[in-house]
Structure formats: structure tokens, C-alpha cells
Amino acid sequence: MFGHRSPWTIAAAGSAFAIVVGLLAAAVGAVAISPIDVLAVILDHVTPLSIDTPDIADSIVWSIRLPRIVAAAGAGAALGLAGTVLQGSYRNPFADPHLVGLSAVGSIGVLLGSWLAWDLWGPVGAVIGGAVAGAIGSVAVRFIASRVEGDPTHLIVVGIGFGLAVSAVVSAAAIAIHDPRVPDTEFWFVGGLGASTWGTALWVSLGAVGAVLVTLPFARHLDLLSLGPAPARHLGVNVARVLGITLTASGLAVGAAVGAAGIVGFVGLVAAYSARRFVGHHHQLALIASPLLGAAFLVACDAFGRVLGGRFEVPVGLVTAAIGGPFLIWLVARRAVS
């Protein structure tokens, strides 16, 4: 649809779409607030203008909903980008940070960051710890991928098994530590954005933006990698270097997303597939579109969970699983009959 547009056009259209979704998400919840009041609150805080807004709207929107929405956008952007990098690097249309085990490795850093660095950084320590572990975890993903070349489903099966094992160990450690600073087991398995602060929102967003800036210069190399590692090498691509840089940057962003939102699955899968449908397979455009679509998708899923549950919030990971699980089944079935 937008495959022949410039990167700037894709960025502008995607950003506008994500902003609209964010404004609508800020308006819904247990207390409904009009989009006009939401916009007024934002302008009152980020511009020199002095705008009169209802105190309750200011408190709910600026202090509670907006940090959550920005954190969701940052985490969704990170997961969307990682989905595109993983799918392009390994020619695997099913690749997703959760399904290959990358998110689970990031949770190790979140646990350590929450436990050891809380007094120094507060909840931001979980985001930073997750980012470091995610960057290191990209090595594990590369190792797994190198051992299961061939059928794309092999990487997913091994990645799911690896991720479940790591998640179980992390959850058991969280229970054993029994520290109020460490998120409970629900955070690891179904995600959650209820504890978002402006600090966590800022850091996860910086991780996502940084990963985009690092990976974009390698867009052409990822295009060639889609032909396979051997043809890419013959065309002059340093495969090890490209994979090392792009997957490390993606892993860092994914780990930060886990620190902000927990282990949330299928965002990368849905965002990367949708980006290819909208802008085509060229990574110069897909690496711009997929983070923006991932941001809008996770913000919308979080808002839907808040509205659906009424007084009881439905964790965002359950919403993404309810959408992404059938989507994965459809992709596998579609590939099997094509």
C-alpha cells in the first residue's frame, strides 16, 4: 500500500496513527475523559500555554495514563522492531522476541535490576537491567538459530522451550527472594503496565529509538540476508557483523521492554507482518513502520484490557496472546497450504 512512499512519509503517517491511538487510549478507562480534555492536559504540561483543565483530568491523564501509554508505546516499538530484525535475519516469518526466547532472557536482568539496583534507580533499574540482559541474550538467540537452520518452525519450537525454562527459573527465583521490590510472577507471564512511571517510560522509549537508529543503516544488508547467509556473503555482506550489531541492539530494546511491561508475546510477530503488508519487504521502510505499528498495537491492547476488565484490569499480555495466538496459527496454516 505504501511501498513506494519515502521513509519520511512512512514515519509521518505511522507517527500520526500512533499518536491518535495514544490520545484515544488516554481518554478511556474507569473514568472517561474527553479527548479534548486529554489534549488540553498535554498542552498545559508540554507547552508554555496555561490551559485550565479539571483537576481530576490532569491527575488521571498526566500522572497515571500518559506514563503508561508512553511506556506501552516504547515497549511496543522495541518489540515491533525486534520482530522485523529477527524475521529478516533468519528468513523466518514466525519469529517474535517472545517466541525465540529473547524476552525470557531479558527477564533475568529485570529480576536482578529490581532486586539489586532499586535503592539506586528505583523501577528504572528493572528497565536498565533488562536491557543489559537482552543485549547479552541476543547471543543465545544467534546460537539457537545456528543450530536449527532449515524449517522456520524449528527455531520457534526450540525458542519457546528455552524461554519457558528461563521464565520458570526467574519466577522461582522471584518467589524465593520474596522482596516487595521484585515484580510478582504474574508480571513475568502476562505482563503489566500498571506500575509505569515517567522514568520507566523514558528509558524504554530511549531504548527503542536507539535500536531503530542503530539498525536502520543496516537495512540494505538485511535485505540481502533475506536471500540467505551464503548469497549475502557473496554479495559482500559481513554476516557476523550485521547480525551481531542488529540483534544486540534489538535485544537491548526488548530487554528494556520486558523491564517496563513484562513478558508480552506476539507484538513483534503482528507488527512485523503488518509492516510488510503495508510497506513491502524492503527493510528501510519496514524498520520504520514496524516500531510504529508495534507501539500503536500495544497501546491499543493495553487500553482494551483496561476497558474490558472494568474494575478489574485484564493484563496486556493476555490481550496480545488472545490476538497473537490465533494469528500465529493462521500464519502456520497459511504457509502449510501455500
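Residues numbered from 1 in each chain as written. Predicted model: local features only at pLDDT ≥ 70, side-chain atom pairs only at ≥ 80, totals over all residues. Heavy atoms only, no water.

Asker: Tell me about the overall build of the protein, and please be specific about residues and values.
Answerer: Of regular secondary structure, the protein possesses 15 helices and zero strands. In summary, the protein has a C-alpha radius of gyration of 19 Å against a globular reference of 20 Å for 338 residues, a match within 12%. Here the protein, with 338 residues, has 52% of them falling under the buried criterion. Intrachain contacts of the protein at a sequence separation of at least 6 include 77% that bridge at least 24 residues. In the form shown here, the protein has an accessible surface area of approximately 15200 Å², with 70% of it arising from carbon and sulfur atoms. (Helix = DSSP H or I, 4+ residues; strand = E, 2+ residues; numbered from the N terminus. Rg over C-alpha atoms; globule rule 2.2 N^0.38 Å. Buried < 20%, exposed > 50% of the residue type's maximum accessible area, 1.4 Å probe, protein only. Contact = heavy atoms within 4.5 Å. Areas by Shrake-Rupley, 256 points an atom, 1.4 Å probe, with all protein chains shown as cover.)

Asker: Lay out the nonpolar core in plain terms, naming residues and giving numbers.
Answerer: Formed by 93 residues in total, the largest nonpolar core has its most connected members in Val-38, Val-100, Trp-188, Val-204, Leu-225 and Leu-298. Element by element, the count of residues in this core is highest for helix H3 (residues 55-90), at 16 residues. Setting aside chain neighbours within four positions, we find Leu-225 in contact with Gly-88, Arg-91, Ala-232, Val-239, Val-242 and Leu-243. Core analysis: the second largest hydrophobic core is formed by eight residues, Val-279, Leu-285, Ala-286 and Ile-288 among them. (Core = buried A, V, L, I, M, F, W, Y, C linked by side-chain atoms within 4.5 Å.)

Asker: Please provide a residue-by-residue account of the packing of helix H4 (residues 102-116) against helix H12 (residues 239-261), values included.
Answerer: Packing of H4 against H12 leaves a shortest axis separation of 8 Å and a crossing angle of 60°. The chirality of how H4 crosses H12 is right-handed. Here Leu-102, Ser-103, Gly-106, Ser-107 and Val-110 of H4 come into contact with H12, specifically with Gly-251, Val-254, Gly-255, Val-258 and Gly-259. In terms of residue class, the contact of H4 with H12 is made up of four nonpolar, six polar and no charged. (Axes fitted to C-alpha atoms, helices over the stretch in contact; angles between N-to-C directions. Left-handed = near helix turned anticlockwise from the far one by under 90°. Nonpolar A, V, L, I, M, F, W, Y, C, P; charged D, E, K, R; others polar.)

Asker: Mind laying out unusual backbone geometry, listing which residues take part and the relevant values?
Answerer: The phi torsion at Arg-91 lies on the positive side, around 50°, for a residue other than glycine. With respect to the secondary-structure elements, Arg-91 resides in the loop between H3 and H4. According to the relative accessible area criterion, Arg-91 is partly exposed, its value standing at 47%. Residues other than glycine seldom take positive phi values, yet Phe-266 does so here, at roughly 75°. Relative to the elements of secondary structure, Phe-266 occurs in the loop between H12 and helix H13 (267-279).

Asker: If you had to explain the confidence of the model for the protein to someone new, which residues and values would you point to?
Answerer: Per-chain confidence: the protein averages 90 in pLDDT, with 97% of residues scoring 70 or above. Ranking the elements of the protein by mean pLDDT puts helix H8 (residues 185-190) last with 76 and helix H9 (residues 198-215) first with 96. (pLDDT = per-residue confidence, 0-100.)

Asker: Any chance you could break down the packing of aromatic side chains for me, citing the residues and the numbers?
Answerer: Inspection of every chain in the model, using the stated rule, returns four aromatic pairs. Taking 5.2 Å as the distance between ring centres and 75° as the angle between the ring planes, the aromatic pair formed by Tyr-273 and Phe-327 counts as edge-to-face. Here Tyr-273 is found in helix H13, whereas its partner Phe-327 is found in helix H15 (residues 316-337), with 54 residues between them in sequence. One exposure class covers both Tyr-273 and Phe-327, and it is buried. Residue Phe-327 is classed as buried on the basis of its relative accessible area, which comes to 18%. Here a set of aromatic residues connected by ring pairs shows up, and it is made of Tyr-273, Phe-327 and Trp-330. (Phe/Tyr/Trp six-rings, centres within 6.5 Å; stacked < 30°, edge-to-face > 60°.)

Asker: Talk me through the side chain of Ser-89; I want residue IDs and the actual numbers.
Answerer: Along the chain, Ser-89 falls in helix H3. Assessed through its relative accessible area of 6%, Ser-89 is described here as buried. At 2.7 Å, the side chain of Ser-89 and the backbone oxygen of Val-85 are in polar contact. The residues contacting Ser-89, other than those within four sequence positions of it, are Leu-222, Leu-243, Thr-246 and Leu-247. (Polar contact = N/O pair within 3.5 Å; in protein donor to acceptor, adjacent residues only side chain to side chain.)

Asker: Which residues make up the pattern of salt bridges, and what are the values?
Answerer: The tally for this structure, following the rule as stated, stands at three salt bridges. Note that Arg-68 is salt-bridged to Glu-313, the shortest N-O span being 2.4 Å. Note that Arg-68 is positioned in helix H3 and Glu-313 in the loop between helix H14 (283-309) and H15, a separation of 245 residues in sequence. Arg-306 is the partner of Asp-302 in a salt bridge, and the nearest nitrogen-oxygen pair spans 3.8 Å. With Asp-302 and Arg-306 both in helix H14 and four residues apart, the pair spans about one turn of that helix. Given the relative accessible area of 2%, Asp-302 is considered buried. Judged by its relative accessible area of 11%, Arg-306 falls in the buried class. Several salt bridges share partner residues, and in doing so they unite Arg-68, Asp-302, Arg-306 and Glu-313 into one network. (Salt bridge = Lys/Arg side-chain N within 4 Å of Asp/Glu carboxyl O.)

Asker: Before we move on, could you go through helix H1 (residues 7-27) and cite the residues and values that matter?
Answerer: End to end, H1 covers 30 Å across 21 residues, agreeing with the expected 30 Å (1.5 Å per residue, within 8%). In this structure, the buried residues of H1 make contact with helix H2 (35-46), H3, H13 and H14. Directly beyond the C-terminal end of H1, a positive phi value near 150° is found at Gly-29. (Expected span 1.5 Å × (residues − 1).)

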